[in-house]
Amino acid sequence: MDVVSDRRGRSVAHWDDWSALRHNGSAMHDSAPLFAEHGTHQVSPFLDNEVVRACLHIGAGSRRRPGLYKPPLALACPDLPRFLTSRQFKGHFTPLL
């Protein structure tokens, strides 16, 4: 399969990774006042520097494994509670908002 690249030789997946980081990082930053207003401490382990570095060292196709949900998170942050790193699905929290 051909990989689509830009003029500098970076793949579309590389651009997509950074685009997603910028989007999610700014969303967390923008929502910080809302969390603070309600006395809640905002955390975003998927945006942790160690997690991001580990993920960017792994090819996009290798970041997903059948039966595992976000395996790089467990590798990058072994001290996270097992209930976070052993999930098999994404939670649905829209009704709580």
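Being a predicted model, the structure only gives us computed values, none of them experimental.

About the criteria used
Residues numbered from 1 in each chain as written. Predicted model: local features only at pLDDT ≥ 70, side-chain atom pairs only at ≥ 80, totals over all residues. Heavy atoms only, no water. Helix = DSSP H or I, 4+ residues; strand = E, 2+ residues; numbered from the N terminus. Buried < 20%, exposed > 50% of the residue type's maximum accessible area, 1.4 Å probe, protein only. Areas by Shrake-Rupley, 256 points an atom, 1.4 Å probe, with all protein chains shown as cover. Polar contact = N/O pair within 3.5 Å; in protein donor to acceptor, adjacent residues only side chain to side chain. Contact = heavy atoms within 4.5 Å. pLDDT = per-residue confidence, 0-100.

> What am I meant to see in the overall build of the protein here?
Helix and strand content of the protein: four helices and zero strands. In the protein, the succession of helices and strands from N to C terminus is α-α-α-α. The buried share among the 97 residues of the protein stands at 12%. Within the structure as shown, the protein displays about 8,200 Å² of accessible surface, and the carbon and sulfur contribution to it stands at 60%.

> Help me out: how do you make sense of the side chain of Ser31 in this one?
Relative to the assigned elements, Ser31 resides in helix H1 (residues 12–37). A polar contact of 3.1 Å, which involves the side chain of Ser31, links it to the backbone oxygen of Met28.

> Just to check I follow, could you spell out the side chain of Gln42 for this structure?
Tracing the sequence through the fold places Gln42 in the loop between H1 and helix H2 (49–57). Separated by 3.1 Å, the side chains of Gln42 and Ser31 make a polar contact. Apart from residues no more than four positions distant in its own chain, Gln42 is found in contact with Met28, Ser31, Ala32 and Phe35.

> What exactly am I supposed to notice about the confidence of the model for the protein here?
One rule of thumb: low pLDDT means the predicted coordinates there are not for detailed reading. In the predicted model, the protein carries a mean pLDDT of 77, and 75% of its residues have values of at least 70. Confidence scores differ between elements of the protein, with helix H3 (residues 71–76) showing the lowest mean pLDDT of 75 and H1 the highest of 86.

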